[in-house]
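For reference, the chains in residue letters:
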Amino acid sequence: MKIIKLIATMLMLSASFFSQAHDDKIYQEVSQVMPKISVQLWSVKNELKNDFKGTLQQISDMGFDGVEFAGDFGPYKDDAQGLKAYLDGLGLKVSAAHIPFTAFDSDNFEQSVAFYRALGTDTLIVAWDERAWNTEKVNSLIADLNTLFFKLKAEGFKFGFHNHAKEFNQHKGATFWDHIARSTPEDFVLQLDIGWVTFAGKNPVTYIERYPGRTLTTHIKAKLPNKSDDFKGNRPIVGDDVTDWSAVLNAEIAVGGTLWLVVEQEEYPDGLSPLAAIKLSKQGLDKVIADL
């Protein structure tokens, strides 16, 4: 009996060793791939309305690899192939698109699938739902997310959810974000918005590491913590803020499986235009990457 127990223990230790070695190998392979950089077009929503093509041209000129859509397709709202061709000409990919549930209800599902497939994106994200921080309604949201997840997975899409600050309110001994993460499949995308995590007073690295391989796309947003009177020397521009971006990027590359770093600006300090602000944040991000 003692020999059997000894053999069983040795097998468990061996399995644990090879499992850890396998995980380390995965992380090493992932860490060799630097995520590409896109911009969430909500950052320049007014500029898009005034000059859709010209705004995308300026984004391309800044050196972005891609864009993330938020419902505005300019003159191409019924012409996904034409929009993809225009983006191709600018050297821009579509990193993902933010969508509402209504775009994929029974009346719109097939049309929306065809549109985003033709646009060339494989990742769709629900960007906002107030049920996410409502104790009585969060499970309803999770049910809807899971239903749509499997429908879109069958069509070849990755699908997930994007946080704001209130998802990090306490819920059942953790946070609403934890509850959503633990109640969705392991390949459900957790699009972490670093700025809102920081605003909520949490450490974004904690949540990247807690859910390995699920931060496939992340919002690189500079925000100061809530009640930020102590941070008057900082501003919401990547590199001028308080986030430890090196730690964030190292975690995303090594653990998060991150493919896209999505710059987003919702604040434009010192009278900066939205385009000038995203340019500065991209330069700040580029410097962090260069120093890794």
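Cut-offs applied
Residues numbered from 1 in each chain as written. Predicted model: local features only at pLDDT ≥ 70, side-chain atom pairs only at ≥ 80, totals over all residues. Heavy atoms only, no water. Helix = DSSP H or I, 4+ residues; strand = E, 2+ residues; numbered from the N terminus. Areas by Shrake-Rupley, 256 points an atom, 1.4 Å probe, with all protein chains shown as cover. Axes fitted to C-alpha atoms, helices over the stretch in contact; angles between N-to-C directions. Parallel < 35°, antiparallel > 145°, perpendicular 65-115°, else oblique. Left-handed = near helix turned anticlockwise from the far one by under 90°. Contact = heavy atoms within 4.5 Å. Nonpolar A, V, L, I, M, F, W, Y, C, P; charged D, E, K, R; others polar. Buried < 20%, exposed > 50% of the residue type's maximum accessible area, 1.4 Å probe, protein only. Arc of directions from axis to C-beta. Salt bridge = Lys/Arg side-chain N within 4 Å of Asp/Glu carboxyl O. Phe/Tyr/Trp six-rings, centres within 6.5 Å; stacked < 30°, edge-to-face > 60°. Lys NZ or Arg CZ within 6 Å of the ring centre and 35° of its normal. Expected span 1.5 Å × (residues − 1). Pairing = 2+ DSSP bridges.

Student: Mind showing me how you'd approach the overall build of the protein here?
Tutor: From N to C terminus, the protein includes 11 helices and 10 strands. As displayed, the protein has an accessible area near 14400 Å², and 53% of this comes from carbon and sulfur atoms.

Student: How should the packing of helix 4 (residues 80–90) against helix 5 (residues 109–119) be read in this particular structure?
Tutor: Where helix 4 contacts helix 5, the axes come no closer than 8 Å and their chain directions differ by 20 degrees. The orientation of helix 4 with respect to helix 5, classified from their angle, is roughly parallel. In terms of crossing hand, the pair formed by helix 4 and helix 5 is right-handed. Contacts between helix 4 and helix 5 involve Ala 80, Gln 81, Leu 83, Lys 84 and Leu 87 on the former and, on the latter, Phe 115, Ala 118 and Leu 119. Looking at the contact of helix 4 with helix 5 residue by residue, the class counts come to 6 nonpolar, 1 polar and 1 charged.

Student: Mind showing me how you'd approach helix 4 here?
Tutor: The periodicity of an α-helix, 3.6 residues per turn, causes residues three or four positions apart to be oriented the same way. Every buried residue belonging to helix 4 is among Ala 80, Gly 82, Leu 83, Leu 87 and Leu 90, and all of these are buried. The buried residues of helix 4 occupy one face: seen down the axis, they fall within an arc of 160 degrees. Turned more than 90 degrees away from the buried face of helix 4 sit Gln 81 and Gly 89, all of them exposed. Looking one or two residues beyond helix 4, the residue adopting positive phi is Gly 91, at roughly 75 degrees.

Student: Teacher, can you tell me more about the pattern of salt bridges here?
Tutor: Using the criterion set out here, one finds 15 salt bridges in the structure. In this structure, Arg 117 engages Glu 155 in a salt bridge whose closest nitrogen and oxygen atoms are separated by 3.1 Å. Taken together, the positions of Arg 117 in helix 5 and Glu 155 in the loop between helix 6 (138–154) and strand 5 (158–162) put the pair 38 residues apart, joining distant regions of the chain. With a relative accessible area of 31%, Glu 155 lands in the partly exposed category.

Student: Would you mind going over the packing of aromatic side chains with me for this structure?
Tutor: For any two aromatic rings, the description comes down to two numbers: the centre-to-centre distance and the angle of the planes. What the rule picks out here adds up to 16 aromatic pairs. With 6.3 Å between their ring centres and 50 degrees between their planes, Phe 52 and Tyr 76 make a pair best called tilted. Of this pair, Phe 52 sits in helix 3 (residues 52–61) while Tyr 76 sits in the loop between strand 2 (66–69) and helix 4, placing them 24 residues apart in sequence. Taking relative accessible area as the criterion, Phe 52 reaches 6% and is therefore assigned buried. With a relative accessible area of 10%, Tyr 76 lands in the buried category. In this structure an aromatic cluster arises from ring pairing among Phe 69, Phe 73, Phe 104, Phe 109, Phe 115 and Tyr 116. The ring of Phe 199 has Lys 223 lying over it, and the distance from NZ or CZ to the ring centre is 5.4 Å. Between the NZ or CZ atom of Lys 282 and the centre of the ring of Phe 64, over which it lies, the distance is 5.7 Å.

Student: Even after reading the chapter, I still don't get the packing of helix 3 against helix 4, so can you show me in this structure?
Tutor: Between two packed helices, both the angle of their axes relative to each other and the distance between the axes serve to describe the pair. Interaxial distance between helix 3 and helix 4 falls to 10 Å at its minimum, and their mutual angle equals 35 degrees. Both helix 3 and helix 4 take part in a crossing whose hand is right-handed. On helix 4, the residues touching Phe 52, Lys 53, Leu 56, Gln 57 and Ser 60 of helix 3 are Leu 83, Tyr 86, Leu 87 and Leu 90. Looking at the contact of helix 3 with helix 4 residue by residue, the class counts come to 6 nonpolar, 2 polar and 1 charged.

Student: I tried to follow helix 11 (residues 274–291) on my own but got confused; where do I start?
Tutor: Here helix 11 is 18 residues long and its end C-alpha atoms lie 26 Å apart, about the 26 Å a rise of 1.5 Å per residue gives. Within the span of helix 11, buried status applies to Pro 274, Leu 275, Ala 277, Ile 278, Ser 281, Lys 282, Gly 284, Leu 285, Val 288 and Ile 289. Next to the buried residues of helix 11 lie strand 1 (36–40), helix 2 (45–50), helix 3, strand 9 (217–220), helix 10 (245–256) and strand 10 (260–263).

Student: Just checking my understanding: could you explain the pairing of strand 2 for this structure?
Tutor: Within a regular strand, side chains alternate between the sheet's two faces. Residues Gly 66 and Glu 68 of strand 2 are buried on one face, and the alternating residues Val 67 and Phe 69, pointing to the opposite face, are buried as well. Pairing analysis gives 3 bridges linking strand 1 to strand 2, with the strands arranged parallel. What sits directly across from Val 39, in strand 2, is Val 67. Of the pairings in the sheet, the one linking strand 2 to strand 3 (residues 93–99) comprises 4 bridges and is parallel in character. Bridge assignment links Glu 68 to a residue of strand 3, and that residue is Ala 96.

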